[in-house]
Amino acid sequence: SYILAPEQGRAGYAALLADLARTEMLPTRIAHFWLATEGETFRPGSSFFDRNLETGFYALTALAQELGSADLPQPPHITVFTTGAAQLRDEALPDPEKAMIAGPARVIPRELPGFSCATVDIELPRAETGLLARIKGAAAPDISSRLLEELLAEPTSTAAAWRGEKRYELDWRPVELPPAALPTFNKGGTYLITGGYGGSGLPIARHLLAEYAATVLLISREGLPERGGWAQYLRNHSPANRTATRIRAVEALEEIGKGAVLPLAADVCNSGQMRAALKAAEGRFGPLTGVIHGAGSIDDGPLLAKSDEQIAKVLAPKVSGLRVLDSLFPDGSLDLMVLFSSSSTVTGPAGQVDYIAANEYLNAAAAHRRGGKTRVVEVDWGDWAATGMASAAMAARQGSDGPSDPVPCAQALLDSEGFDGSGNRIYHTRLDAARHWLLNEHRTADGTAVMPGTGYIELAAEAMTALGMAEDGALPAFELHDLYFLRPLAVADDSPADLLIRLLAAEDGYARSFYTASGEGYALHAHATVTFAQAQSPAAPADPSAPAHR
């Protein structure tokens, strides 16, 4: 037997798998029972919420990272058993943080070839109560055969729930949304919008002002300069500057001529800052009518390369932010709370283990509060009206919506280069199986052209060469490491593919991702990290208004 401390991260799983490898006992079936709980227990100084996060989302993510790096005899099937993580009809959902297990559960099969992961929400057996049951000596029902059946079933990545003697499996079908399911707003109400300057927040603010003459409170961490200095700030900064963009957005909202707009500075994850901002707003406009929680962060990256710090940054605005909002606005203090979630909770895209989990928490939190005095509604946005984080992520990968148009690139395998809206470099090439020797000379037995692993290295080298040419012509020595292959890049002879290489600037180099574009979005094929020998890079400025982008 082994003892693991899930709060200590990946190290324990690495040691466990190393020992199992030595004894030739690496698993092909794995059962995860840490989220099947009876009562609230946790270590001193912690909480049941943190305990569920550590033994659920973080534990399964760390296990998958170590499994993905191990030399396994065959890809394993993982079955995650939970209690209170799934809701059937109108039953209670007591522990919404348990639902975050969907992040790794849905991404593992996407990113780790051959792996499968199923989640099964169960009811723990309880003995019948009452006089007759005691006379009969009734014992708790035995569900071990049911659990074994789940564990030994044909490996599939499904989500199921047992209620009584019935097994329910999650599926999707189109339904007409009833009008009663939509959020309703009050004329002249006061609404706080977190992430209010985002692609979804601003249209909502415009709608509230134009249609309801509402007071709109826009929350951002940095806030805006004093209003008296806006004109000078706009004169001194590029139109692409983020603060300048936000100032113009507020001015455009005020031009609607209805309601009022109040920019506020506060980190939605900081209860002290939020409480101070709320006090200032209520001092001017009175109690709030509703809150629209649209704050969020997205950072696509392969599961195997995700660090705890990266994950925490994605989880914070949605998960910690909502917990702060719940503490500030107890049930009944608001008429309405709207949580902006994402359709990624359904599609489970690769590279979004943390983003899926964060949004699934919003969905579960809304279900947890259903039926209360405050109406809580969650909305799973997709790429809505070409705005929002989903669209921004696509634009970032493609290099659109940036400060400069793509220009031709002199490298043999790269067609053009440009910048995305955050100043990250984007390289593009049209992959033609017949024209590119990189593909034409690497085919499978049936003739399918496939990008070889060394092809990514060659493309990375050409992009780095182009990067040096774009600055002062001098390129320091660099290392390419942590190269992960997530899915094959096959190109049909009659259907060229658009390959996009995105360089995300880091302190000592770049994180590099390789995508192909299609009608359904973008597929992540490989990810690598580039570091420089002297920890210096010809850095792409983070401010899109910087002169180097012209």
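Residues numbered from 1 in each chain as written. Predicted model: local features only at pLDDT ≥ 70, side-chain atom pairs only at ≥ 80, totals over all residues. Heavy atoms only, no water.

Relative to the helices and strands, Ile 501 resides in strand E18 (residues 497–506). Accessibility expressed as a relative area gives 0% for Ile 501, which makes it buried. When the C-alpha positions of Ile 501 and Ala 463 are compared, they lie 8.2 Å apart, and in sequence the two are 38 residues distant. With near-sequence residues (within four places) excluded, Ile 501 lies in contact with Leu 414, Arg 425, Ile 426, Tyr 427, Leu 459, Arg 512, Ser 513 and Phe 514. (Helix = DSSP H or I, 4+ residues; strand = E, 2+ residues; numbered from the N terminus. Buried < 20%, exposed > 50% of the residue type's maximum accessible area, 1.4 Å probe, protein only. Contact = heavy atoms within 4.5 Å.)

This structure, assessed with the given rule, holds 18 salt bridges. Across the pair Asp 121 and Arg 163 runs a salt bridge whose closest N-O atoms are separated by 2.8 Å. Of this pair, Asp 121 sits in strand E3 (residues 116–121) while Arg 163 is found in strand E4 (residues 159–163), placing the two residues 42 residues apart along the sequence. For the residue pair Asp 121 and Arg 163, the accessibility class agrees, reading buried in each case. (Salt bridge = Lys/Arg side-chain N within 4 Å of Asp/Glu carboxyl O.)

It is worth spelling out the sheet that holds strand E9 (residues 290–293) at this point. Strand order across the open sheet formed by six strands is E8-E7-E6-E9-E10-E11, with parallel pairing between neighbours. Two strands bound the open sheet, and with one partner strand each, they are strand E8 (260–265) and strand E11 (375–381). Taking the axes of each pair of neighbouring strands and ignoring which way they run, one obtains an average angle of 20 degrees across the sheet. Pairing of E9 with strand E10 (residues 336–342) involves four bridges; the strand directions are parallel. Looking at the pairing, His 293 lines up with Leu 339 of E10. Against the sheet, helix H6 (residues 201–212) contacts strand E6 (190–194), strand E7 (215–220), E8, E9 and E10, and its axis sits at roughly 170 degrees relative to E6. (Pairing = 2+ DSSP bridges. Axes fitted to C-alpha atoms, helices over the stretch in contact; angles between N-to-C directions.)

A few words now on a nonpolar patch on the surface. Taken together, Leu 170, Trp 172 and Val 346 make up a surface patch of nonpolar side chains, about 320 Å² in accessible area. Checked against the element boundaries, Leu 170 lands in the loop between strand E5 (166–169) and E6. (Patch = residues over 30% accessible without salt bridge, like charges linked within 9 Å, V, L, I, M, F, W, Y side chains within 5 Å. Areas by Shrake-Rupley, 256 points an atom, 1.4 Å probe, with all protein chains shown as cover.)

A few words now on the sheet that holds E3. If you trace the five strands from one edge of the open sheet to the other, you get E1-E2-E3-E4-E5, paired in mixed fashion. Each edge of the open sheet carries a strand with a single partner, namely strand E1 (29–35) and E5. When strand polarity is set aside, the average angle formed by the axes of neighbouring strands in this sheet is 20 degrees. The pairing of strand E2 (residues 77–82) with E3 spans six bridges and is classified as parallel. Bridging from a neighbouring strand, His 77 pairs with Ser 116 of E3. Its contacts with the sheet put helix H2 (residues 48–69) on E1, E2 and E3, and the angle it makes with E1 is roughly 160 degrees.

Of note, Thr 516 is situated in strand E19 (residues 509–518). Exposure remark for Thr 516: the relative accessible area of 12% places this residue in the buried category. A distance of 2.6 Å separates the side chain of Thr 516 from the side chain of His 525, its partner in a polar contact. (Polar contact = N/O pair within 3.5 Å; in protein donor to acceptor, adjacent residues only side chain to side chain.)

Moving on to unusual backbone geometry. Apart from glycine, the bulk of residues carry a negative phi angle, and the bulk of peptide bonds sit in the trans form. Phi is positive for Glu 24, which is not a glycine, with a value near 55 degrees. Tracing the backbone through its elements, the reader meets Glu 24 in the loop between helix H1 (10–22) and E1. Classification of Glu 24 as exposed rests on a relative accessible area of 74%.

A large share of E10 lies buried, amounting to seven of its seven residues. The alternating pattern of E10 places Leu 336, Val 338, Phe 340 and Ser 342 and Met 337, Leu 339 and Ser 341 on opposite faces, both of which are buried. Regarding the hand of the β-α-β motif, the stretch spanning E9, helix H10 (residues 308–328) and E10 is right-handed. Here seven bridges tie E10 to E11, and the two strands are oriented parallel to one another. When the sheet's bridge partners are listed, Leu 339 is paired in E11 with Glu 378. (Right-handed = clockwise from strand over helix to strand, strands pointing away.)

Tracing the backbone shows Glu 360 in helix H12 (residues 353–368). A residue is classified by how much of its surface remains accessible, and Glu 360, at 13% relative accessible area, is buried. For Glu 360, the side chain forms a polar contact with the side chain of Arg 106, separated by 2.7 Å. Look past the residues within four positions of Glu 360 in its chain and what remains in contact with it is Ala 99, Ala 102, Arg 106 and Thr 345.

To continue, consider H1. Over its 13 residues, H1 runs 19 Å from end to end, which matches the ideal 18 Å to within 8%, given 1.5 Å per residue. Residues of H1 that are buried: Tyr 13, Leu 16, Leu 17 and Leu 20. End-on, the buried residues of H1 take up no more than an arc of 95 degrees, which puts them together on one face. Among the exposed residues of H1, those pointing more than 90 degrees away from its buried face are Ala 11 and Arg 22. Each element contacted by the buried residues of H1 is listed here: E1 and H2. (Expected span 1.5 Å × (residues − 1). Arc of directions from axis to C-beta.)

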